[in-house]
Every structure is written in structure tokens, then in C-alpha cells.
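Each chain, written out:
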Amino acid sequence: MKTLQTKKVRAQKIVAILAKKYPEPKTALNFSNTFELLIATILSAQTTDKRVNIVTPSFFPKHNTPEQLFQIGEAKLADLIKSINLYPTKAKNIIRLCQILIEQYQGKVPATREALEALPGVGRKTANVVLANAFGIPAFAVDTHVFRVTRRLELSNGKNPLQVEKDITALLPDTIWTAAHHYFIFHGREICVALKPKCEICPVKDLCPYPKKQEKGQL
């Protein structure tokens with residue numbers, strides 16, 4: 001128990017510091033409604049948010065409801081998103097998802113994890129992003145940046161995203177799960193990068209075991 005409490009204190013200190021470093025915790029994906037966020041998040045899998053934001057303006061302005069996007073069809077949508085990784089599968093899933101939303105949810109995006117994860121192309125991470133950013137429901141999504149940063153900080157030793165999610169949500173109050181998710185993403189993109197992390201300018205280096213392990217040649 002003492003170890004858990006100590007880790008909780010360290011985790012919350014880290015998040016407080018990152019909150020000052022990254023004062024605007026919000027998704028980098030551009031969207032104007034819940035459906036757009038859902039589609040953009042599906043497209044962002046194994047693709048950068050920057051690339052998604054380049055592609056979505058080609059169809060979002062006139063096709064930002066399930067009914068409108070369904071009318072495009074799989075082949076046309078695939079052509080519009082062809083610069084995105086896994087675009088054939090994503091196009092297929094998105095068109096099928098639109099059909100389900102129309103037939104089962106009156107064209108609305110459902111606000112429960114179970115319903116979201118039952119949609120084609122929607123996994124736990126995507127569901128968490130939509131729940132948190134569209135519906136304000138506490139959720140902690142784990143992408144590659146969050147996975148890397150939280151493990152380097154030794155806030156989790158989880159071997160997969162679900163384990164990391166469980167570890168971090170046990171350390172932080174649910175009121176800051178969404179913000180913390182964004183802090184870790186921003187930090188992973190800017191400083192705690194995959195190759196050669198910039199530990200010398202990291203604002204949380206004094207709370208992180210990673211630089212000490214580097215010095216000792218343990219990595």
C-alpha cells in the first residue's frame with residue numbers, strides 16, 4: 001500500500017508539472033461534431049494526427065453525418081483517404097459503421113463503451129478518445145506515446161495498452177484522466193520521443209528513473 005501511495009504522489013506531481021508545460025490539453029485532431037471525431041480517430045490508427053487533418057477536409061465539410069458519408073460509398077472514400085495507412089480496411093469499416101449508426105442509432109454516435117467498441121474499426125483506444133473528448137466521460141486512452149512515456153516514467157510496467165490504462169487510472173483521479181492522456185501525448189511528441197529522448201530539457205526528469213538508467217548503462 002505504501003508503494004502504491006508513493007507512486008500516486010509521484011504520478012500526480014508529474015501530471016501537475018506537465019499541466020504547466022502543456023496548458024491546453026485537447027486532441028490534435030480537427031473535428032466539429034462527435035461523428036467527425038469518431039471518424040478522425042479511426043483514421044488516426046497507425047497514422048499521424050497531422051496526416052488525418054490533411055485528409056479529412058476533403059470530405060468532412062459536406063459529409064459529416066453517417067447518412068452523408070454513407071452516400072460516398074466505400075470505393076470513393078478509399079480514394080479520398082488513400083494517403084492514410086490501412087486505408088482500404090478503414091474505408092470498409094467506416095462505411096459499415098455509418099450503416100449501423102443509421103439503422104440502430106438514428107444516425108447518432110452512442111455514448112457507451114460497449115456500443116462504441118461493437119462498431120467496425122473501433123477499439124478500446126478509439127472508444128476512450130470519443131467518450132472523453134465528445135461526451136466528457138472520464139476515460140484514459142493509451143496510444144504509442146502514452147504507452148512509451150508512462151513506462152519510461154515507471155508509472156506502469158504494463159505489457160499492453162490495457163494494462164497501462166489500468167495502472168494509470170489507479171494512480172490518478174478520474175477528473176484528470178483525459179487531460180493526463182493529452183499531457184503524455186504532447187510530452188511524447190515533443191520531448192520524450194522514441195529515439196534519443198531529450199532528457200536534458202525534460203521538466204519531469206527529477207521524477208523520472210530513465211535518465212539515471214541511461215547514465216548507468218542499464219538501457
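Details of the structure are given in the entry above.
In this numbering scheme, every chain counts its residues from 1 along its sequence in written order. Given that this is a predicted model, residues contribute local features only at a pLDDT of at least 70 and side-chain atom pairs are listed and counted only at 80 or more, while totals for whole chains, interfaces and linings are drawn from all residues. Values shown for side chains rest on all heavy atoms present in the structure; no hydrogens or waters enter the calculation.

J.: Could you give an account of the overall build of the protein chain, naming the residues involved and the relevant values?
T.: Each helix and strand counted, the protein chain has twelve helices and zero strands in total. For the protein chain, the succession of helices and strands along the chain, N to C, is α-α-α-α-α-α-α-α-α-α-α-α. Here the globule rule is a power law, 2.2 Å times the number of residues to the power 0.38, and the radius of gyration is based on C-alpha atoms. A compact globule built from 219 residues should have a C-alpha radius of gyration of about 17 Å, and the protein chain, at 19 Å, falls within 12% of that. Its C-alpha atoms give the protein chain principal-axis dimensions of roughly 60 × 35 × 30 Å. Helix and strand definitions follow DSSP, with helices as H or I runs of at least four residues and strands as E runs of at least two, each counted in order from the N terminus.

J.: Outline the environment of Ala40, supporting the account with residue identities and numerical values.
T.: Following the sequence through the fold, Ala40 ends up in helix 2 (residues 34–43). Here the alpha-carbon distance between Ala40 and Pro173, two residues 133 residues apart in the chain, equals 28 Å. Throughout, a residue-residue contact means that at least one pair of heavy atoms, one from each residue, lies within 4.5 Å. Aside from chain neighbours lying at most four places away, what touches Ala40 is Leu29, Val52 and Phe60.

J.: Give a description of the pattern of salt bridges that names residues and reports values.
T.: Basic side-chain nitrogens of Lys or Arg form a salt bridge, by our definition, when they fall within 4 Å of a carboxyl oxygen of Asp or Glu. Throughout the structure, instances matching the rule amount to five salt bridges. Residue Glu117 is joined to Arg113 by a salt bridge in which the shortest nitrogen-to-oxygen separation is 3.5 Å. Here Glu117 and its partner Arg113 are both found in helix 7 (residues 113–117), four residues apart, which amounts to about one turn of the helix. In this scheme, a residue with accessible area under 20% of its type's maximum is buried, one over 50% is exposed, and one in between is partly exposed, where area comes from a 1.4 Å probe on protein chains only. By relative accessible area, Glu117 is classed as partly exposed at 33%.

J.: Pulling in residues and values, what's your account of the nonpolar core?
T.: Throughout, nonpolar core names a set of buried Ala, Val, Leu, Ile, Met, Phe, Trp, Tyr and Cys residues whose side chains join them through atoms within 4.5 Å. In this structure, Leu38, Ile39, Phe59, Leu69, Leu77 and Leu97 are the most contacted members of the largest nonpolar core, which totals 33 residues. Broken down by secondary-structure element, the contributors of at least two residues to this core are helix 2, helix 3 (49–55), helix 4 (66–72), helix 5 (74–80), helix 6 (87–105) and helix 8 (124–135). Here the element with the most residues in this core is helix 6; it accounts for seven residues. Counting 29 residues, the second largest nonpolar core, distinct from the first, contains Val146, Leu153, Phe186 and Ile191.

J.: Go over empty space enclosed by the protein, please, and point to the residues and values.
T.: In this analysis a 1.4 Å probe is tested at points of a 1 Å grid over the protein atoms alone, and where it fits but cannot get out there is a cavity; an open set with protein on both sides within 12 Å along at least five of seven lines is a pocket; lining residues have an atom within 4 Å of a point. Grid points are joined across faces, edges and corners, and a volume is the space filled by probe spheres set on the points. Tallied over the entire structure, the rule returns one cavity of 30 Å³ or more. Counted as a void, the largest cavity has a volume near 100 Å³. Only Asp, Glu, Lys and Arg are considered charged in this grouping, and only Ala, Val, Leu, Ile, Met, Phe, Trp, Tyr, Cys and Pro are considered nonpolar; every other residue, Gly among them, is considered polar. Of the residues in the lining of the largest cavity, the class split is ten nonpolar, one polar and three charged.

Such coordinate-based values are descriptive only and should not be taken to indicate function.
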